[in-house]
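So the chains spell out like this:
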Amino acid sequence: MKKFAFFKGCFIPIRLPHLERVSEMVFKDLDIELVKLDDFSCCPEPIGFGLNDKLTWLTLAARNIAIAEEKGLDILTICNGCYYTLKQTDSVLKGNKELKDKVNDIMRDTGHRFEGAFEIKHFVHAILEDIGLEKLGEKVKHPLKEIKVACHTGCHLISPVEIFRFDDQYDPVILERMVSALGASVSDYDLKTLCCGWTLSNYGSKASASNLIRDKLKSMKKTQADCITVTCPQCFYQFDTGQAVASRSYSLGFSLPVLFYPQLLGLALGYKLDEVFYERHRVKSSAFEAKLEEMLE
Amino acid sequence: MILKADYESRDESFKTKKSSEICFKCGICCVVRGYSCHVSYDSEKFNPRYTFVYDCLGSSDPARNPNIWLCVSCHKCEEVCPYEVSPIKFIEEMKSQAFEMGLAPSLIMSEVENILTTGYAFPISSVTLRLREELHLEPLQMKAIEDLRILSSKTGFIDKMLKAKENHI
Ligand code: SF4
Ligand code: SF4
C-alpha cells in the first residue's frame, strides 16, 4: 500500500469539506493510505500571499515539505494551488543551494530542515504513477459509459511547464485519459485551456470572472457535455457557485454540474450520487441525474 | 504609442525585470482566445489594439495601475510570447511593490493576516465546524502558529505587512 502525507490545504477543509471526505474514501479504496499530519500550515497560497514576499512564501512551503520529510513521506495534495506552491518550492530550492541554505538557516529555530529528498504529488500523479490507468480501469465497477465529461485541468497543475512537465499546455489530455479510464466519454470543447477565473473573481473583477465562466460553460454545453470534472477545489468553486451566480446574471438556460475528479471516480467505483455528496452542490441537473441512474440500474 | 512611459521611469519600474523592455508589442500574448491571456479577451477595457499586457507594461506607474490585480498568474503570456518577455513576472513584481505601498486589495490584506495569525488562508466559520462534524471529519487543529510567527519575523515579512497595513487605503 502506497503511503502519503495528506496535504489537505485550507480551501477544501474550510469551504468544501465534502471533497476532503470523498478523497479519503476513494483513495482508501485504491489502496492509497493518506497519513494525516496536523503540523501543516496553509501551503501558503501562491497569489494573494506568495507574490508579496517570495522568501517567506518559499520558507513556509519548505517548512510544510520538511514536516512530511521528517515522517519519511511523499506529499499528496488535492488542490492545484497547493501543488503549485509546494512543487515549485521543492524544485527551486533543490536547484539553488544558496537559497536552500538561506531558507534552512531561517528555519533553524523551528527545528525543521528542508532536504528535498521526497516527492510532491497532486492526486493525479498518484493515480497515474502509483496506481496506473490500466489498474484503475480494472477497479471500475460501473463504467460511466453514457456520460460525456468536459475536463478542466486548470492552470496551476500544468504551468509553469518547465517545472511541472505534466501535460500539453495548449491541448491538455491527461485528465481526459483519466476520465476515459472510468468508461466515460470526453467533450472536445474549444475553450479547454481557459482559466476558471477564481483568482480574477477574488482579487480582480467579479464581473469579468462571471463573463469568463459563462463563455467557458457555453463552450462545454455546445459539445453536449453532461457534467464537468476538475482537479482543483478553486476550479470546483467557480464551476459550482460561480456557475450559479453567472446563471442568475445571464440566464444561461442550462446547468452543468461539476464533479471533483475523486467524486467521478467514486461513481465509477460504485458509490451513489448522494454518497459522493452531490446533494451539497449548488448546481445540479436532473438530466444528468436521470442518465446516471438509468446507467447504474 | 503603447509603451508610453519615459525611459527613466521605465528603467526604474523595470529594473527587476529587464526582459519586459524588449516587448515587441505584437499582441500575441493577449489575442488568441483561450490560449493566451484570460483577462484581455474578455474585458471591456481591452482589445487587440490595446491589450491587458500593453496596459501593464506601458503604464507610467505600473505598481499603481489597478489593472495589475486582474492578472491570474496563469503563465499563458510567457508560454505564447515569441520574445521571452514574461509579462507575468513583471506584473507579479508590480503586485509585490503595490503590496508594500498598501495598495493591495483588502481581500489580500486579510488573507495574509489570516495565514500569519491562524495558519489558514480563510476564516473558519461555524458553518465549517458544522459541516465537518456532519461529515465525520476531525476538528481543524493548527499547531504551526508559533513557527509561522518565528519564520515571518525572521524574513522581515511581519514588519512589511505592518507597514503595508499602515499605508493601506
Ligand atoms: S499570467 Fe497574467 S498577464 Fe499573463 S496571461 Fe495570465 S492573466 Fe494574463
Ligand atoms: S509580451 Fe511578448 S507576446 Fe506580448 S506583446 Fe510583448 S512581445 Fe508580444
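These lines cover the structure that appears in this document, whether it is placed above or below. Throughout this document, residue positions are counted from 1 along each chain, in the order its sequence is written. For this description, chains carry letters from A and ligands carry numbers from 1, given in the order in which they are written. Residues qualify for local features only when their pLDDT is at least 70, as the model is predicted, and side-chain atom pairs are given and counted only at 80 or more; totals for whole chains, interfaces and linings, by contrast, use all residues. Side-chain descriptors were evaluated using all non-hydrogen atoms of the structure, hydrogens and water having been removed beforehand.

Some thoughts on the overall build of chain A
Part 1 of the argument: Per the convention used, a helix needs a DSSP run of H or I reaching at least four residues, while a strand needs a run of E reaching at least two, with both numbered from the N terminus. A tally of helices and strands in chain A yields 14 helices and eight strands.
Part 2 of the argument: For chain A, the C-alpha radius of gyration of 19 Å lies close to 19 Å, the compact-globule estimate for 297 residues.
Part 3 of the argument: The principal-axis extents of the C-alpha atoms in chain A amount to approximately 60 × 45 × 30 Å.
Part 4 of the argument: Two residues qualify as a contact provided that any one of their heavy atoms is within 4.5 Å of a heavy atom in the partner residue. Residue pairs in contact within chain A that sit at least 24 positions apart in sequence constitute 77% of those at least 6 positions apart. In this description the radius of gyration comes from C-alpha coordinates, and the expected globular size is given by 2.2 Å times residues to the power 0.38.

Some words on the overall build of chain B
Part 1 of the argument: Secondary structure assignment for chain B yields nine helices and zero strands.
Part 2 of the argument: Listed N to C, the secondary structure of chain B is α-α-α-α-α-α-α-α-α in terms of helices and strands.
Part 3 of the argument: In this scheme, a residue with accessible area under 20% of its type's maximum is buried, one over 50% is exposed, and one in between is partly exposed, where area comes from a 1.4 Å probe on protein chains only. Looking at chain B as a whole, 54% of its 169 residues qualify as buried.
Part 4 of the argument: A separation threshold of at least 6 residues defines the contact pool for chain B, and within that pool the share at least 24 residues apart is 60%.
Part 5 of the argument: Carbon together with sulfur atoms contributes 55% to the accessible area of chain B, which is approximately 8,200 Å² in total. Surface accessibility follows the Shrake-Rupley procedure with a 1.4 Å probe radius. Residue values consider only the protein chains on display as shielding.

Quick notes on the sheet that holds strand E8 (residues 258-260) of chain A
Residues and elements named next belong to chain A.
Part 1 of the argument: Here a strand pair is declared whenever DSSP counts at least two bridges between the two strands. Strand order in the open sheet formed by four strands is E6-E5-E7-E8, and the pairing between neighbours is parallel. Looking at the sheet topology across the chains shown, the edges are occupied by strand E6 (185-186) and E8.
Part 2 of the argument: The pairing of strand E5 (residues 148-152) with strand E7 (residues 227-230) spans four bridges and is classified as parallel. The partner of Cys151 across the bridge, within E7, is Thr229.

Looking at the site of ligand 1
All names here are of chain B.
Part 1 of the argument: Here a residue counts as near a molecule or strand whenever at least one of its heavy atoms sits within 4 Å of it. Near ligand 1, the surroundings consist of Cys37, Val39, Phe52, Cys71, Val72, Ser73, Cys74, His75, Lys76, Cys77, Ile88 and Ile91.
Part 2 of the argument: Those elements that provide at least two residues to the shell around ligand 1 are helix H4 (76-80) and helix H5 (87-100).
Part 3 of the argument: For this scheme, ten residues count as nonpolar: Ala, Val, Leu, Ile, Met, Phe, Trp, Tyr, Cys and Pro. Four count as charged, namely Asp, Glu, Lys and Arg, and the remainder, Gly too, count as polar. Classifying every residue of the shell around ligand 1 gives nine nonpolar, two polar and one charged.

Considering the pairing of E5(A)
All names here are of chain A.
Part 1 of the argument: Within E5, four of the five residues are buried, which leaves the element mostly enclosed by the surrounding structure.
Part 2 of the argument: The pairing of E5 with E6 spans two bridges and is classified as parallel. Of the residues in E6, the one forming a bridge with Lys148 is Ser185.

Quick word on a negative patch on the surface
Residues and elements named next belong to chain A.
Part 1 of the argument: Without a salt bridge and with relative accessible area above 30%, a residue can belong to a patch; like charges are then joined within 9 Å and nonpolar side chains (Val, Leu, Ile, Met, Phe, Trp, Tyr) within 5 Å. We define a salt bridge as a side-chain nitrogen of Lys or Arg found within 4 Å of a carboxyl oxygen belonging to Asp or Glu. When charges are counted, Lys and Arg are positive and Asp and Glu negative, with His and the chain ends excluded. A single reference atom marks each charge: NZ on Lys, CZ on Arg, CG on Asp, CD on Glu. On the surface, a cluster of negative charge is contributed by Glu146, Glu293, Glu294 and Glu297.
Part 2 of the argument: Tracing the chain through its elements places Glu146 in the loop between helix H7 (133-139) and E5.
Part 3 of the argument: Overall, Glu146 belongs to the partly exposed group, its relative accessible area being 46%.

Remarks on the interface of chain A and chain B
Part 1 of the argument: Contacts between the two partners involve 62 residues from chain A and, on the opposite side, 55 residues from chain B.
Part 2 of the argument: Note: buried area is the sum, over both parts, of the accessible area (probe 1.4 Å) each one loses when the two are combined. Interface of chain A and chain B: buried area, both sides summed, is about 5,300 Å²; carbon and sulfur atoms make up 61% of it.
Part 3 of the argument: The largest contributions to the chain A side of the interface with chain B come from A:Ile14, A:Asn52 and A:Tyr203, which together make up 13% of the buried area.
Part 4 of the argument: The interface formed by chain A and chain B includes ten salt bridges.
Part 5 of the argument: Note that A:Glu20 is salt-bridged to B:Arg132, the shortest N-O span being 2.8 Å.
Part 6 of the argument: Any pair of N or O atoms that falls within 3.5 Å is considered a polar contact. Within protein, one atom must be able to donate a hydrogen and the other to accept it, and sequence-neighbouring residues count only if both atoms are side-chain atoms. At the junction of chain A and chain B, the tally comes to 23 residue pairs in polar contact (both at pLDDT 80 or more).

Observations regarding the sheet that holds strand E1 (residues 2-7) of chain A
Residue and element names in this part refer to chain A.
Part 1 of the argument: Ordered in space as E2-E1-E3-E4, the four strands form an open sheet in which the pairing is parallel. Each edge of the sheet is formed by a strand with only one pairing partner; in this case those strands are strand E2 (32-35) and strand E4 (120-122). Along the sheet, successive strands turn relative to each other by an average axial angle of 40°, direction set aside.
Part 2 of the argument: Sheet analysis places strand E3 (residues 74-77) next to E4, joined by three bridges and oriented parallel. Across the sheet, the residue bridging to Leu76 is Lys121, located in E4. Axes here refer to lines fitted to C-alpha atoms; in helices the fit is confined to the stretch in contact. Angles between the N-to-C directions go from 0 to 180 degrees.

Quick look at unusual backbone geometry
Part 1 of the argument: Of note, the bond from A:Cys43 into A:Pro44 is cis; its omega dihedral lies within 30 degrees of zero at 0°.
Part 2 of the argument: Along the chain, A:Pro44 turns up in the loop between E2 and helix H3 (54-70).
Part 3 of the argument: Located in the positive-phi region is B:Glu84, a residue other than glycine, with phi close to 50°.
Part 4 of the argument: Secondary-structure assignment places B:Glu84 in the loop between H4 and H5.

Comments concerning the layout of surface pockets
Once rolled over the atoms, a probe with the size of a water molecule shows which space is left empty.
Part 1 of the argument: Using a grid of 1 Å spacing that covers the protein atoms alone, one calls a set of points a cavity when a 1.4 Å probe fits there but cannot get out, and a pocket when the set is open and has protein on both sides within 12 Å along at least five of seven lines; lining residues are those with an atom within 4 Å of a point. Grid points are joined across faces, edges and corners, and a volume is the space filled by probe spheres set on the points. The computed volume of the largest pocket comes to approximately 530 Å³.
Part 2 of the argument: Around the largest pocket, the lining is made up of 24 residues, and of these A:Lys54, A:Trp57, A:Gln88, B:Lys89 and B:Glu92 lie nearest the centre.
Part 3 of the argument: Looking at the lining of the largest pocket, the elements with two or more residues in it are H3, helix H4 (80-94) and helix H8 (161-164) of chain A together with H5 of chain B.
Part 4 of the argument: No other element matches the five residues that H5(B) contributes to the lining of the largest pocket.
Part 5 of the argument: Each residue belonging to the lining of the largest pocket can be placed in one class, and the counts come to ten nonpolar, five polar and nine charged.
Part 6 of the argument: The computed volume of the second largest pocket comes to approximately 390 Å³.
Part 7 of the argument: As for the second largest pocket, its lining consists of 21 residues, of which A:Trp198, A:Ser201, A:Asn202, A:Lys206 and A:Tyr237 are closest to the centre.
Part 8 of the argument: At the level of secondary structure, the elements contributing two or more residues to the lining of the second largest pocket comprise helix H10 (198-204), helix H11 (206-221) and helix H12 (233-250) of chain A together with helix H6 (106-118) of chain B.

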